[in-house]
Structures are given as structure tokens and as C-alpha cells.
Amino acid sequence: MNEVQTELAGLQNALLETDTVEQFLHELAVLAAAAVGEGEAMSCGMALRRQDSAASTTACSDPLASQADQVQYQSGDGPALEAMRHARPVNVHDTATESRWPRFCRQAASLGIRSCYAAPLINDGDPAGALVLYARGPRAFGKEQARRADRFARHASGALTLSLRMASCADQNDQLRSSIVSRAVIDQALGVIMATEHCPQDKAFAMLRTVSQNSNVKMRDRSEEHTSELQSHHD
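Figured I'd write up the structure that's included with this text. These numbers were taken from a predicted model, which means no experiment stands behind them. (Residues numbered from 1 in each chain as written. Predicted model: local features only at pLDDT ≥ 70, side-chain atom pairs only at ≥ 80, totals over all residues. Heavy atoms only, no water.)

Quick look at the packing of helix α3 (residues 63-75) against helix α5 (residues 102-110) now. It is the contact of α3 with α5, at a shortest axis distance of 10 Å, that shows an interaxial angle of 160 degrees. Comparing their axes, α5 and α3 come out roughly antiparallel. Here the hand of the crossing between α3 and α5 comes out right-handed. Residues Ala68, Val71, Gln72 and Ser75 of α3 touch α5, and the partners they reach there are Arg103, Phe104 and Gln107. Tallied by class, the residues present in the contact of α3 with α5 amount to 3 nonpolar, 3 polar and 1 charged. (Axes fitted to C-alpha atoms, helices over the stretch in contact; angles between N-to-C directions. Helix = DSSP H or I, 4+ residues; strand = E, 2+ residues; numbered from the N terminus. Parallel < 35°, antiparallel > 145°, perpendicular 65-115°, else oblique. Left-handed = near helix turned anticlockwise from the far one by under 90°. Contact = heavy atoms within 4.5 Å. Nonpolar A, V, L, I, M, F, W, Y, C, P; charged D, E, K, R; others polar.)

Moving on: α3. The terminal C-alpha atoms of α3 lie 19 Å apart, and with 13 residues this matches the ideal 18 Å at 1.5 Å per residue to within 8%. For α3, every residue scored as buried is listed here: Leu64, Ala65, Ala68, Asp69, Val71, Gln72 and Tyr73. Measuring from the side-chain oxygen of the N-cap residue of α3 to the backbone nitrogen of Leu64 gives 3.2 Å; that N-cap residue is Asp62. Downstream of α3 by one or two residues, Gly76 has phi in the positive range, about 80 degrees. (Expected span 1.5 Å × (residues − 1). Buried < 20%, exposed > 50% of the residue type's maximum accessible area, 1.4 Å probe, protein only. Polar contact = N/O pair within 3.5 Å; in protein donor to acceptor, adjacent residues only side chain to side chain.)

Turning our eyes to something else, we now look at the environment of Arg154. Position of Arg154 among the secondary structure elements: in helix α6 (residues 143-197). Through-space distance from the C-alpha of Arg154 to that of Ile122 is 7.7 Å; in sequence the pair is 32 residues apart.

Bringing helix α4 (residues 79-86) into the picture now. Burial of α4 is extensive: 6 of the 8 residues sit out of reach of the surface. Of the residues trailing α4, Ala87 is marked for its positive phi of about 55 degrees.

Everything listed here is a matter of geometry and, on its own, says nothing about what the molecule does.
This is the structure we're talking about:
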């Protein structure tokens, strides 16, 4: 099995064996560090752009990557954020001499990180996040390492798009199930009110809504309470 096949197989397994986007990104971080490092010790952090356009650490391969990522997101600047904002890779050859992002480079160097490489993750044509690889040696990301990192980021972007869509479908299914349950509870309460008050459905609904608004309780919750109260009284 060649490098590409190995990467794709790892991504497929990550999709099949994880339940959330966060778990999937953790697996991506571990896979990226192994794929790009090829025997050299590397760490990897994953960031995902949120709906408010902010970025935060979502998953890391190890504590070192987590510490380095936090420096970027707390200061609001760094190679991962640069890659995400402009949808292009960023190579920091040596944190001891790099003039960009002085705060990040200074603190990264204090953690023992001498070089890093960030690549954007693309979802439906737009930058959705970034992966950033960290190494303890300077100039660890030469032409070959950069090629492997960019290739992994492209493959990971496709898998991330699928993971996000699956998560969105799961959320919609949960909302639909909740809506169906709520409707059933409300219908049950309406039936009880109509039977006890001898009134039509629209009047029963108006009564339930008024009680819900006056008590500042959601209609579903008030319906459950009303049904339980009547059943207890009947018992």
C-alpha cells in the first residue's frame, strides 16, 4: 500500500469509527503527525472556524500541540490563523529567527518548538479550518515534508466536509425527533383539556398557550405538566 492509499484508508477509518466532529479531528491530528513526520517526532493541532468566524483549538495529537495552539488563539494571530484566513500554507522555518508573529514564535520556542507548518482545510470551497504541524528542530518542513502536509490537508478537507455534513444531518434528525415528541405531548394535553372542559381544539389550544405564557414555561413542558396534573387528580 502506497502513501496515498495509507492516508485515505486512515481517513476512512476515522470517519467510520468516530461519533463527533471533535473526535474525527483528533484522529486527523494523530494521522497528520504520523503521515508528515514519517519517523520524525511531530505534533499536530486542528482548528475549526466557528459560525461567528472565530477559531479555536478543536483537537490536538498531544499536549505540546495543545499548548502551542492556545498561544495562537489567545493572541489572535499565528501561522494556523494565517493559513485559515488566506487559504494558503504557512511555513515557519525557525521560531528563533522568525519575525512574523513574535509573541507566538517566542512562546513556541520556549516550549521547545523550533519550526511549524500550517495548511488550510477547505469545506465546500471555503477555508473551514487549518492543521498546524510542530517540530522540535529548525527547518523541519522542507520541500518533501511540505508536499506531504499539503497532500494530507487536501485529503483531510474532503473527509472533513463529509464529517460536517454527517453531523449536520444528525442535528437535523435530533431536532425532527424532538419536534415530533413535542407535537405528540401537546396533542395529548389538548385532548385532555377538550375532554375535561368540553371545548373545541382551538379553544383548548388558546387555554394552553395562555397558561404557558403566564407561567413562562415552554408549551411542551406545560403540556406535560398539565397532563400529569390531570392524571394525578384522576388517580
